[in-house]
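The chain contents come next:
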Amino acid sequence: MASTSTQQKDPTFRNYSSSAAQAYAQNRHGYPDSVISLILNQHTSTGGALNLLLDVGCGPGTATRSLAPHFQHAIGADPGQSMIETARSIPSATAAGKPVTYEVCASDALSSLSALKQYSADGSGKACVDLITAATAAHWFDYPEFYREAAKVLKPGGSIILWCTKGYYVDERTTPNAKKCQDLWQSFENDLLRPYEMPGNQLTRELYAGLPLPWSEYPGQTVDDETKTLLNMFDEKDYRRLVFNDNGQVKPGEEFLMSRRVTFEQTARMLGTVSPVTRWREANKDKLEKGEIEDVVDMMIRLTREVFDQVPEGKGRDWVEGGGALVVMVFKKKIE
C-alpha cells in the first residue's frame, strides 16, 4: 500500500531512554477500575470474548496490566524499545496466570507480531485476537494502516476500543478558589504548552473527534484494493463514540469517571511525563541550566499554591482534586 501517513510520528516516547521509560511507568497514573469496567463491558456486551487481548501503543504496560487479568492471554505492543523493556520488568499476569507478552511493534505492522502466531490454527497470527485496545495512544498511529492491520488479526466479532483523556478540571465542590485555579490550569494547557504540541496532542484536545475512521476519506493517499476490503470489515452502524465529563462537566451526585486526587509532588512527576512538557524542557534546556527561567511545571505548582493561599480553606493545602474528560471509541469487525 502506498500512502502518506495521516499522523506525524511522535519522536518523544519512541526515543525514551531506559530511565525515562521507567519514570514514565512510575509517574503516569493508571486508569480507574470504573474505566476498565467500561472498556470490558463495551466489548463483552456486543459478544466479544475474553481469550486474547492485544494492547497497542502500550508504553510501559500501564493499561495492559489493568486489562490482562480479565483475559486468558495478553500481548502488549509498542514501537519504543525502552518502553517494552520497562513493561517486561514489571510483573503482570492474565486470568490464566500466564505472564503478559510484550513485543516491539508499531501500529502499522500488527500482523507481523511473532507473539500472535501461537494463537491461530495455521500459525499465521491472523484472526485470533478478541480485543484490540489503545489507551491514550491512537493519536500517534498511522491511518488507515492501523485499521488494515487490526482487521487482519481480529476475530470476526472482535472489537477495537480506543480511548483518551483531555485536560484537568478541578472539582469545583472541593477545590479552594476553584475558578482561579481552573483558569490557571487552562492557561497552562492552552497558552504555555500548546506551542509544543504535535498534531497527535491536538487530536486528544478534540477527544478524537478528528481521528480517522475505517470508512473515512484519505486525501492524498493511494488505498489499494486489499486495504479497502480490510477496512470494509468494520461496519459504521456498529461504531460508538462515548464522551464523559467534557469541559469538566459532572452531573449532580456523580464523580469524574477519570477522578484523581494527587499531591503537588505527584502532579509534578506526572506532568514531567507529558510530551509537550518534555518538548518545552528540551527547547529551553540552555536557559534552564543557566537558571534564567523557571521550569514550567515548577511554576505551575508554585502558582497553584499561591491561588490556594488566597483563601482560608486553601492555606497549606498540598493536593488537588478533580478529573479529566474521557472519550471511548468502539469498532466491531463484521461476523462473516
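Heads up: the structure comes first, above all this text.
The notes below deal with the structure included here. None of the values given here were measured: they were computed from a predicted structure.

Regarding the overall build of the chain
Here's step 1: Across its full length, the chain carries 13 helices and eight strands.
Here's step 2: At 21 Å, the chain has a C-alpha radius of gyration in line with the 20 Å of a compact globule built from 336 residues.
Here's step 3: When its C-alpha atoms are laid out on the principal axes, the chain stretches across 65 × 50 × 40 Å.
Here's step 4: Here the contacts in the chain between residues at least 6 apart in sequence split such that 76% fall between residues at least 24 apart.
Here's step 5: Summing over all exposed atoms, the chain offers an accessible surface of approximately 15000 Å²; the carbon and sulfur share of this is 48%.
Here's step 6: The average position of the 37 basic charges and that of the 43 acidic charges among the side chains of the chain differ by 2 Å.

Structural notes on the packing of aromatic side chains
Here's step 1: For the structure on display, the rule yields 14 aromatic pairs.
Here's step 2: Seen from their ring centres, F141 and Y143 are 6.5 Å apart, and the 40 degrees between their planes marks the pair as tilted.
Here's step 3: Here the aromatic rings of Y147 and F331 are separated by 5.5 Å at their centres, their planes lie at 55 degrees, and the arrangement is tilted. On the criterion of sequence distance, the pair formed by Y147 in helix α6 (residues 145–153) and F331 in strand β8 (residues 319–332) is long-range, its members being 184 residues apart. For the residue pair Y147 and F331, the accessibility class agrees, reading buried in each case.
Here's step 4: By the ring-pair criterion, three or more aromatic residues cluster together here, those being F141, Y143, F146, Y147, W215, F234, Y239 and F331.
Here's step 5: Here the guanidinium or amino end of R261 rests over the ring plane of W319, the centre of that ring lying 3.4 Å away.

What about the nonpolar core?
Here's step 1: In terms of nonpolar packing, the biggest core is built from 43 residues, with L54, I132, F146, Y147, I160 and L162 touching the most fellow members.
Here's step 2: What I132 contacts, discounting residues up to four positions off in sequence, is L54, V56, F146, A150, V153, L154, S159, I160 and I161.
Here's step 3: Core analysis: the second largest hydrophobic core is formed by 25 residues, A63, A135, W163 and V330 among them.

Thoughts on the side chain of D78
Here's step 1: Turning to its location among the elements, D78 is positioned in strand β2 (residues 73–78).
Here's step 2: At a separation of 2.8 Å, a polar atom in the side chain of D78 contacts the main-chain amide nitrogen of G80.
Here's step 3: Apart from residues no more than four positions distant in its own chain, D78 is found in contact with G57, C58, G59, M83, I84, E103, V104 and C105.

Topic: the packing of helix α10 (residues 264–271) against helix α13 (residues 296–309)
Here's step 1: Here α10 crosses α13 at 150 degrees, and the two axes come no closer than 10 Å. On the basis of the axis angle, α10 is roughly antiparallel to α13. At the point where α10 passes α13, the crossing takes the right-handed sense. Facing α10, whose interface residues are F264, T267, A268 and L271, α13 presents V297, I301, T304, R305 and F308.
Here's step 2: Here the residues of the contact of α10 with α13 sort into six nonpolar, two polar and one charged.

With respect to the environment of I160
Here's step 1: Positionally, I160 belongs in strand β5 (residues 154–170).
Here's step 2: Each C-alpha atom of the pair I160 and F234 lies 9.7 Å from the other, and the pair is 74 residues apart in sequence.

Calculation notes
Residues numbered from 1 in each chain as written. Predicted model: local features only at pLDDT ≥ 70, side-chain atom pairs only at ≥ 80, totals over all residues. Heavy atoms only, no water. Helix = DSSP H or I, 4+ residues; strand = E, 2+ residues; numbered from the N terminus. Rg over C-alpha atoms; globule rule 2.2 N^0.38 Å. Contact = heavy atoms within 4.5 Å. Areas by Shrake-Rupley, 256 points an atom, 1.4 Å probe, with all protein chains shown as cover. Lys, Arg positive; Asp, Glu negative; His and termini not counted. Charge placed at Lys NZ, Arg CZ, Asp CG, Glu CD. Phe/Tyr/Trp six-rings, centres within 6.5 Å; stacked < 30°, edge-to-face > 60°. Buried < 20%, exposed > 50% of the residue type's maximum accessible area, 1.4 Å probe, protein only. Lys NZ or Arg CZ within 6 Å of the ring centre and 35° of its normal. Core = buried A, V, L, I, M, F, W, Y, C linked by side-chain atoms within 4.5 Å. Polar contact = N/O pair within 3.5 Å; in protein donor to acceptor, adjacent residues only side chain to side chain. Axes fitted to C-alpha atoms, helices over the stretch in contact; angles between N-to-C directions. Parallel < 35°, antiparallel > 145°, perpendicular 65-115°, else oblique. Left-handed = near helix turned anticlockwise from the far one by under 90°. Nonpolar A, V, L, I, M, F, W, Y, C, P; charged D, E, K, R; others polar.

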